[in-house]
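A look at the structure
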Amino acid sequence: MALPLTINEIMYFAGRHHGGSEVVSITADEGLHRSTYAEVFGRASQLAGALAALGLEPGDRVATLAWNDHRHLELYYGVSCAGYVLHTINPRLFADHLVYIMSHAEDRVLFFDPMFMPLVEAIADKLPTIEHFVVLSGAGGASESKLESVRCYEELIGERNTDYAWPDVDEDSASVLCYTSGTTGHPKGVLYSHRSTVLHAYASIMPDAMGLSKRDVALPVVPMFHVNAWGMPYACAIAGAKIVMAGPKMADGETLQRLIEDEGVTIAAGVPTVWLALLTYLRESGKTVPSLERTIVGGAACPLSIMREFEDEHGVSTRHAWGMTETSPLGTVNTPVRSSEDLSETERDQLRVKQGRAVFGADIKIVGEAGSELAWDGEAFGDLKIRGFWVCDGYFGQDDSVATLDAEGWFSTGDVATIDADGFMKITDRTKDVIKSGGEWISSIELENLAMGHPDVAEAAVIGVAHAKWGERPLLIVVPEQGKDVDKGALLGWFKGRVADWWIPNDVATVEEIPHTATGKISKLTLREQFKDYRLPAES
Ligand code: AMP
């Protein structure tokens, strides 16, 4: 049967077969909220009816500035399945960026959490395309708002029927729009189609990817405004897994622990920073996470120390994964293969910090400067390229003459990587962050990972700084563990024997805080700016 690959099909199936699976969330306005997929889809129907009544046309953009909760999930289904495009926005972006992307996307409706009311009030004048502001709350949530026309979500959908006549949606039509973090230049919009979303969700459920099943209780700690929460809102519905969402408490270790314990969470996914917050809380409180079986960690390189603490102290396995906004995001996942069982502990550690193997639907390769494919020997560094069912081939609103793919149809990720003989890919850097010393490349990520393993270091970053002889040399920047002093000599000595001598950083700088981007990655751009007047010690 030529059934279309649409999010509507996920909704119909999950409604019939997993309607009773729970959806639990902390909401911005009413604390812990419990519902089911059946209820979520019923309310998505009501929402679709309300949007049609506002006069939206197929393909129109509907924006959200919201944390993970049941209402955001209703928007995921209600907007896309009605043929509109859900534009999820990162509320941590600077106001100028918010204005730019909402105007670029020509959003017509903006749904936002009550806590973002001051933010929205401050920029509303600069958003001419937005005709309707809707605060994600019960009645009365907008009573003190300075916005001229603002409604409350519950009032907007309240009167509508729960059996909206969903349209036949083309599988190639757009379902979601998400802008990349944009560390340089303007943010760029990536459009996902219904088809790419369904195929991505299918693949992410596979055993060597997230390995999701109906018996799972999933906690996506990755925000729903960041690459569709890694597709979990769709994958969990297909599998029938209970889904648990932390609302505005995403980076709060105490809340995460409580949710995991109370709801019996078995799988959780997020960036390394949130796991640092959880592990710190567990260490300090003596609490545990007995139901948790595995964490999926990606978005930034996961330090070995996090994987070890999860496994050794809590019996939780970590699957390191790599992806990007342009790849929906699933690219690779590091799930042990049979041959890894025979490895020594050191070899196993070396393997698990790698970002993993490709998943069917997204092929990868590394290429050298001349563009030819490099060997899978775990040594050769090259530009990482990807092609597949859920990889973007252009940016929203971009001139068709701009080529996003190379002549063979591959997308350049901007990451530098190695691939070993077993197909395990390892990110060594962003193209623009790699340190070029005497024409050879040094991986800043590898040095950061090693530094993070030192007991006196809470967080570490490595950037290249100018060097008269070598062009660039690595500078290690660290935040010491609370109450600890960092001894420069001892810290640099830590690298001896762990990396080639010429990789060892030339100096260490101590800072109180390392800057992060709106998506939680170390902002090397800000660090380079902060250290632009820094000079290496004369003798180095
Ligand atoms: P974004 O589009 O904001 O999700 O950022 C994607 C980028 O994050 C990738 O191109 C990588 O540079 C980085 N990234 C994602 N996952 C990992 C990982 N597991 N290890 C290292 N870098 C990662």
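Residues numbered from 1 in each chain as written. Predicted model: local features only at pLDDT ≥ 70, side-chain atom pairs only at ≥ 80, totals over all residues. Heavy atoms only, no water.

Looking at the overall build of the chain
Looking only at helices and strands, the chain features 16 helices and 25 strands. Radius of gyration (C-alpha) of the chain: 23 Å, near the 24 Å computed for a compact globule of 540 residues. Of the contacts made within the chain by residues no fewer than 6 positions apart, 66% connect residues no fewer than 24 positions apart. Computed over 46 positive and 77 negative side-chain charges, the separation of the two mean positions in the chain equals 2 Å. (Helix = DSSP H or I, 4+ residues; strand = E, 2+ residues; numbered from the N terminus. Rg over C-alpha atoms; globule rule 2.2 N^0.38 Å. Contact = heavy atoms within 4.5 Å. Lys, Arg positive; Asp, Glu negative; His and termini not counted. Charge placed at Lys NZ, Arg CZ, Asp CG, Glu CD.)

A few points about a nonpolar patch on the surface
A cluster of nonpolar residues, Met 206, Phe 360 and Phe 389, forms a patch on the protein surface that exposes about 330 Å² of accessible area. Under the relative-accessibility criterion, Phe 360 is labelled exposed at 65%. (Patch = residues over 30% accessible without salt bridge, like charges linked within 9 Å, V, L, I, M, F, W, Y side chains within 5 Å. Areas by Shrake-Rupley, 256 points an atom, 1.4 Å probe, with all protein chains shown as cover. Salt bridge = Lys/Arg side-chain N within 4 Å of Asp/Glu carboxyl O. Buried < 20%, exposed > 50% of the residue type's maximum accessible area, 1.4 Å probe, protein only.)

A short note on the environment of Thr 255
Within the secondary structure, Thr 255 is located in helix 10 (residues 253-263). Through-space distance from the C-alpha of Thr 255 to that of Leu 278 is 8.8 Å; in sequence the pair is 23 residues apart. Those residues within four positions of Thr 255 in sequence are excluded, and the remaining contacts are Ile 26 and Lys 249.

A few points about the site of the ligand
Around the ligand, 16 residues are found, and the nearest of them are Ala 321, Thr 325, Gln 355, Asp 415 and Arg 430. Note that a nitrogen atom of the ligand is positioned 3.5 Å from one of the backbone N or O atoms of Ala 300. Protein chains bury 94% of the 500 Å² of accessible surface belonging to the ligand in isolation. (Near = heavy atom within 4 Å. Polar contact = N/O pair within 3.5 Å; in protein donor to acceptor, adjacent residues only side chain to side chain.)

A closer look at the pattern of salt bridges
Oppositely charged side chains may form a pair once their charged atoms are brought near each other. On inspection of all chains with the given rule, the structure shows 29 salt bridges. Residue Glu 293 is joined to Arg 215 by a salt bridge in which the shortest nitrogen-to-oxygen separation is 3.0 Å. On the criterion of sequence distance, the pair formed by Glu 293 in the loop between helix 11 (272-285) and strand 13 (294-297) and Arg 215 in the loop between helix 7 (194-205) and strand 10 (217-220) is long-range, its members being 78 residues apart. For Arg 215, a relative accessible area of 56% gives the class exposed. When the shortest N-O distance is used, the salt bridge between Arg 348 and Glu 311 registers 3.0 Å. Of this pair, Arg 348 sits in helix 13 (residues 345-352) while Glu 311 sits in helix 12 (residues 304-314), placing them 37 residues apart in sequence.

Thoughts on the packing of aromatic side chains
One pass over the structure, following the stated rule, counts 14 aromatic pairs. An angle of 70° between the planes, with centres 5.8 Å apart, marks the rings of Trp 275 and Phe 310 as edge-to-face. Highlighted residues: Trp 275 in helix 11 and Phe 310 in helix 12, separated in sequence by 35 residues. Each member of the pair Trp 275 and Phe 310 is classed as buried. Above the face of the Trp 410 ring, Arg 387 is positioned so that its terminal group lies 5.8 Å from the ring centre. (Phe/Tyr/Trp six-rings, centres within 6.5 Å; stacked < 30°, edge-to-face > 60°. Lys NZ or Arg CZ within 6 Å of the ring centre and 35° of its normal.)

Some details on the sheet that holds strand 10
Strand order in this open sheet of nine strands is 2-1-11-10-12-13-14-15-16, and the pairing throughout is mixed. The outermost strands of the open sheet, each flanked by one partner alone, are strand 2 (31-36) and strand 16 (357-358). (Pairing = 2+ DSSP bridges.)

Observations regarding the pairing of strand 18 (residues 382-388)
Looking at chain direction, strand 17 (residues 362-367) and strand 18 are connected through six bridges and run antiparallel. Paired with Ile 366 across the two strands is Leu 384, which belongs to strand 18. Looking at chain direction, strand 18 and strand 19 (residues 411-419) are connected through four bridges and run antiparallel. In the sheet register, Asp 383 faces strand 19, and the bridge partner there is Val 416.

Some points on the sheet that holds strand 4 (residues 85-88)
The strand order across the open sheet formed by seven strands is 7-6-5-3-4-8-9, and the pairing between neighbours is mixed. Each edge of the open sheet is held by one strand with a lone partner, namely strand 7 (150-152) and strand 9 (189-193). Neighbour to neighbour, the strand axes of the sheet diverge by 25° on average, direction disregarded. Looking at chain direction, strand 5 (residues 109-112) and strand 6 (residues 132-135) are connected through four bridges and run parallel. Bridging across to strand 6, Phe 112 finds its partner in Val 135. (Axes fitted to C-alpha atoms, helices over the stretch in contact; angles between N-to-C directions.)

Some points on the domain arrangement of the chain
Along its sequence, the chain is carved into domain 1 (363-430) and domain 2 (435-530). Between the C-alpha centres of domain 1 and domain 2 there is a distance of 26 Å. If you look at the interface, domain 1 gives seven residues, while domain 2 gives eight residues. Taking both sides of the interface into account, the surface hidden between domain 1 and domain 2 amounts to around 580 Å²; carbon and sulfur atoms contribute 58%. (Domains from an automatic or database assignment. Buried area = accessible area lost by both parts, 1.4 Å probe.)

Topic: helix 3 (residues 70-81)
With 12 residues, helix 3 should cover 16 Å at 1.5 Å per step; its first-to-last C-alpha distance of 16 Å lies within 8% of that length. His 70, Arg 71, His 72, Leu 73, Glu 74, Leu 75, Tyr 76, Tyr 77, Gly 78, Val 79, Ser 80 and Cys 81 are the residues of helix 3 that are buried. One side-chain oxygen of the residue at the start of helix 3 lies 3.1 Å from the amide nitrogen of Arg 71, identifying that residue as Asp 69. Following helix 3 by one or two positions, Gly 83 adopts a phi angle in the positive range, close to 95°. (Expected span 1.5 Å × (residues − 1).)

Let's talk about helix 11
In this model helix 11 runs 20 Å from its N-terminal to its C-terminal C-alpha over 14 residues, within 8% of the 20 Å that 1.5 Å per residue would give. By the burial criterion, the buried members of helix 11 are Pro 272, Val 274, Trp 275, Leu 278, Leu 279, Tyr 281 and Leu 282. If you follow the buried residues of helix 11, they end up packed against helix 10, strand 12 (267-270), strand 13 and helix 12. Gly 286, located one to two residues past helix 11, shows a positive phi value of around 75°.

Topic: the side chain of Asp 433
Considering the arrangement of structural elements, one finds Asp 433 in the loop between strand 20 (425-430) and strand 21 (435-437). A distance of 3.1 Å separates a polar atom in the side chain of Asp 433 from a polar atom in the side chain of Arg 528. In this structure, Asp 433 is in contact with Ser 444, Lys 524 and Arg 528, ignoring residues within four places of it in sequence.

What about the nonpolar core?
Ranked by size, the top nonpolar core spans 144 residues in total, and within it Tyr 77, Phe 111, Phe 112 and Phe 133 carry the most contacts. Tallying contributions element by element places helix 2 (residues 37-53) first for this core, with eight residues. Setting aside chain neighbours within four positions, we find Phe 133 in contact with Leu 110, Phe 112, Val 120, Ala 124, Leu 127, Leu 147, Ser 149, Val 150 and Arg 151. (Core = buried A, V, L, I, M, F, W, Y, C linked by side-chain atoms within 4.5 Å.)

Here's the deal with the side chain of Glu 309
On the secondary structure map, Glu 309 appears in helix 12. A polar atom in the side chain of Glu 309 sits 2.8 Å from the side chain of Arg 283. Filtering out sequence-adjacent residues up to four positions away, Glu 309 remains in contact with Leu 279, Arg 283 and His 314.

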